[in-house]
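# Secondary and tertiary structure notes
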Amino acid sequence: METMSRDSAISAIEGYFDDGDFMQDLARRVAIRTESPEPERRPELYHYLTDEMTPYLQAIGFECEIHENPRADAGPLLVATRTEGADLPTVMTYGHGDVVRGYDDQWREGLNPWEITVEGERWYGRGTADNKAQHTINLAAMKAVIEARGSLGFNVVALIETGEECGSPGLKEFCVANKDLFKADVFIASDGPRLQPGMPTVFMGSRGVFNFKMSLELRDGGHHSGNWGGLLANPGVIMSHALASVVDAKGKLLIEDWRPEPMTNSVRRAIAKLEVGGGDDAPEIDPEWGEPGLTPEEKVFGWNTFEIRAFETGNPRNPVNAIPPRAVAYGHIRYVVGTDPMGFLPALRKHLDAQGFENIELTAERDFMNATRLDPDHPWAQWAIKSIETTAKQEVAVLPNLGGTLPNDVFAEILGLPTIWVPHSYAGCSQHAPNEHVLAPVCRSALQIMTGLWWDLGDGKTPAST
Ligand SMILES: [Zn+2]
């Protein structure tokens, strides 16, 4: 009987997709121009939560409250709760209603970022992949379970923020101040890509990100190289040598304290089953790049990397025959659990001083997101993997953490929740670029998977709460 109903909930969600209702819900959401990096779009952020998400959630029994962001310049947050019983498990879920800029004039002919355009399996539109389809799928799947079972069988607290594309300003403060709202047994949400489009994927955390600036200012202005070349130190030359002392010509990190701790066996085992790359628009991997001796998968899921985001000396748009007065490089580290981000700049300072680069100044960016990871053997991870495999009838790709970064440190560390992410996009989705899209078959499969997952969460056979 229970199995019958699980199946009937899943076939109802297939109908939701096949009848075009999913596209209709998504199209309405894509049409709201929630570009959080544009201050003048602020009313659209409220509009998304107030006029789109709130009525949808209220209709399926959620109580909704829109909260101002603790940071004055950042977008609002929606907290929606549905409570069925104190003895039932509680899930926290999350999504973001904001998108990056539309870049309207850069989209391919015939596409419009604020409308869904279908071409074969691809549905184009800004925010389809990141993150509107993803939270639309998860909430529609809850609706399907409510309709099939009469209830969820668990409690939900959903948080929809509108600042993720600006680095989630205020999210941490909001969760610290409202910890009681987010008491839950498990966190399950969706963002980011599947490992391969046809392969259901879970990840349990993300790498952290740490940005900083290296600057060297030797004098006020440039000086003619004919008169002064050979006499005045060139900051561009000095900066390039400093950078070369941090990372070698093949991308290997040269600062011992920036290298991560060795991977645990369970992490190594999970990573060994993965294969990165693939997809039509994916670039070719440089096999010689990065830490020698690691597999490509270990490099991106189990290691720390340093990138130069930007580097400037003189004026590259108008080069002149002079010794430039200053040089600046923007550094960027992605790091895994076990590395303390507070140690990055002190280690770099010590390293640069030892190399004779004492006059290069280092400045950290104010906000960073910490690395998180749940052990792939954790009971909630195992539970979710089993549920997804039951629905999809195939093996699930398990990433101990995403190579990219999400504000997962808020949920894992501040709220102390086991975190499970089930991504519904794929690496070639052009998120953050023109021509963003989702793949229809992946959305359909994601609707089935999430319906099965919510069904199982209300089925009474979940890991004990901690
Ligand atoms: Zn994004």
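Preceding this section is the structure that the text describes.
What comes next concerns the included structure. What you see is a predicted model, and the numbers here were worked out from it, not measured in a lab. (Residues numbered from 1 in each chain as written. Predicted model: local features only at pLDDT ≥ 70, side-chain atom pairs only at ≥ 80, totals over all residues. Heavy atoms only, no water.)

## Details of the packing of helix α11 (residues 379–392) against helix α13 (residues 440–457)
- Where α11 contacts α13, the axes come no closer than 9 Å and their chain directions differ by 130°. Relative to α13, the element α11 is oriented oblique. Crossing angle aside, the handedness with which α11 passes α13 is right-handed. Across the interface between the two elements, Trp380, Trp383, Ala384, Ser387, Ile388, Thr391 and Ala392 from α11 touch Gln448, Ile449, Gly452, Leu453, Asp456 and Leu457 from α13.
- Its residues assigned to classes, the contact of α11 with α13 shows 8 nonpolar, 4 polar and 1 charged. (Axes fitted to C-alpha atoms, helices over the stretch in contact; angles between N-to-C directions. Helix = DSSP H or I, 4+ residues; strand = E, 2+ residues; numbered from the N terminus. Parallel < 35°, antiparallel > 145°, perpendicular 65-115°, else oblique. Left-handed = near helix turned anticlockwise from the far one by under 90°. Contact = heavy atoms within 4.5 Å. Nonpolar A, V, L, I, M, F, W, Y, C, P; charged D, E, K, R; others polar.)

## Considerations on the packing of helix α7 (residues 235–246) against helix α10 (residues 344–354)
- For the pair α7 and α10, interaxial distance at closest approach is 11 Å and the crossing angle is 120°. Looking at the two axes, α7 sits oblique to α10. Pair α7 / α10 crosses with right-handed handedness. Where α7 approaches α10, its residues Ala242, Ser245 and Val246 are matched on the opposing element by Leu348, His351 and Leu352.
- In terms of residue class, the contact of α7 with α10 is made up of 4 nonpolar, 2 polar and no charged.

## Describing the sheet that holds strand β15 (residues 361–364)
- The strand order β12-β14-β10-β15 describes an open sheet built from 4 strands, whose pairing is antiparallel. Pairing within the sheet leaves two strands with one partner each, and these edge strands are β12 (305–313) and β15. The mean angle between the axes of side-by-side strands here comes to 20°, regardless of whether they run parallel or antiparallel.
- Contacts from α7 reach β10 (208–217), β12 and β14 (326–335), with the element oriented near 175° to β12.
- Along the sheet, α10 makes contact with β10, β14 and β15, crossing β15 at roughly 170°. (Pairing = 2+ DSSP bridges.)

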